[in-house]
Amino acid sequence: MIIAEDDLNLLRIKLQELQHTKNRAMSPAPEIGVAVFILKDNKVLFGRRRSLSIAAHTYALPGGHLEFGESFEECAAREVKEETGLDIKNIELLTATNNILSDTVHLVIIYMRARLSDPDQIPQNIEPDKCEGWDWYDLNNVPERTFGPLRAMLQGGFNPFPNAS
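The structure displayed is predicted, hence computed values, not measured ones.

Before going further, it helps to spend a moment on helix α3 (residues 148-155). Because the α-helix completes a turn every 3.6 residues, residues three or four places apart line up on one side. Of the residues making up α3, those classed as buried are Pro 149, Leu 150, Met 153 and Leu 154. Across the axial projection of α3, the buried residues extend over an arc of 130 degrees, all falling on one side. The positive-phi residue at the C-terminal boundary of α3 is Gly 157, with phi of around 105 degrees.

As structure tokens, then:
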């Protein structure tokens, strides 16, 4: 059987693609999460995560995994709605952190800032299997057991409020 040069090149390309896919599947890739500082007056919304999540038994911002093809703003609005029932607006990118939490967990967190679409909205615990509930905290009095990367960022002086000095 004689194989044409074009077919042979196509076969080489397919083999390279398969090898690349195999190599990618064998090495763990970072997870991308989006977390949202929802600002209301001088407070920020925090929830206490249950044991099923990476941030188990710590207080964290609403947020979750970025889905394929989703913008940071879309992810922020979706995750906040899914977790708290809140509608948000004025969604802005603040910063990102690169966190290697263990030998198997590498998490890149995209931090966003938003305001409530209606300031009279009340957060609901839509996913009680993942979170114990939501409450507003003054930035100077955040819960002691705040998720590690978030706590380090805040202790380092990060302030999500606009025009903060």
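Now that the structure has been shown, the text picks up again.
Here the focus is the pattern of salt bridges. Per the stated rule, a full pass over the model turns up nine salt bridges. Its salt-bridge partner being Arg 78, residue Glu 82 comes within 3.3 Å of it at the nearest N-O pair. Residue Glu 82 and its partner Arg 78 are located together in helix α2 (residues 72-84), separated by four residues, close to a single helical turn. Its relative accessible area of 17% is what places Arg 78 among the buried residues. A salt bridge links Lys 130 to Glu 127, with the nearest nitrogen and oxygen atoms 3.7 Å apart.

What characterises a pair of aromatic rings is the spacing of the ring centres plus the angle enclosed by the ring planes. Enumeration over the complete set of coordinates arrives at four aromatic pairs. Ring plane angle 40 degrees and centroid distance 5.9 Å describe the contact between Phe 37 and Tyr 111, whose orientation is recorded as tilted. Taken together, the positions of Phe 37 in strand β1 (residues 31-40) and Tyr 111 in strand β6 (residues 106-116) put the pair 74 residues apart, joining distant regions of the chain. Seen in terms of ring centroids, Tyr 59 and Tyr 137 are 6.0 Å apart; in terms of plane orientation they differ by 70 degrees. Their pairing is edge-to-face. With Tyr 59 in strand β3 (residues 59-60) and Tyr 137 in strand β7 (residues 131-138), the pair connects residues that are 78 residues apart, well separated along the chain. Taken together, Phe 37, Tyr 111 and Phe 158 form an aromatic cluster joined through their ring pairs.

Conventions we followed
Starting afresh in each chain, residues are numbered from 1 along the sequence in its written order. Only residues with pLDDT of at least 70 are given local features in this predicted model, and only at 80 or more are side-chain atom pairs given and counted; all residues enter the totals for whole chains, interfaces and linings. Values reported for side chains reflect all heavy atoms of the structure, with hydrogen atoms and water molecules removed beforehand. Any residue under 20% of the maximum accessible area for its type is buried, any over 50% is exposed, and the rest in between are partly exposed; the area is computed with a 1.4 Å probe on protein chains only. Put simply, DSSP H or I for four residues or longer makes a helix, DSSP E for two residues or longer makes a strand, and each gets a number counted from the N terminus. Arc definition: directions from the helix axis to the C-beta atoms. Note on definitions: salt bridges are taken to be side-chain nitrogens of Lys or Arg within 4 Å of carboxyl oxygens of Asp or Glu. Only Phe, Tyr and Trp rings take part, Trp by its six-membered ring, and two of them pair if their centres are within 6.5 Å. Stacked means planes under 30 degrees apart, edge-to-face means over 60, and tilted covers everything else.

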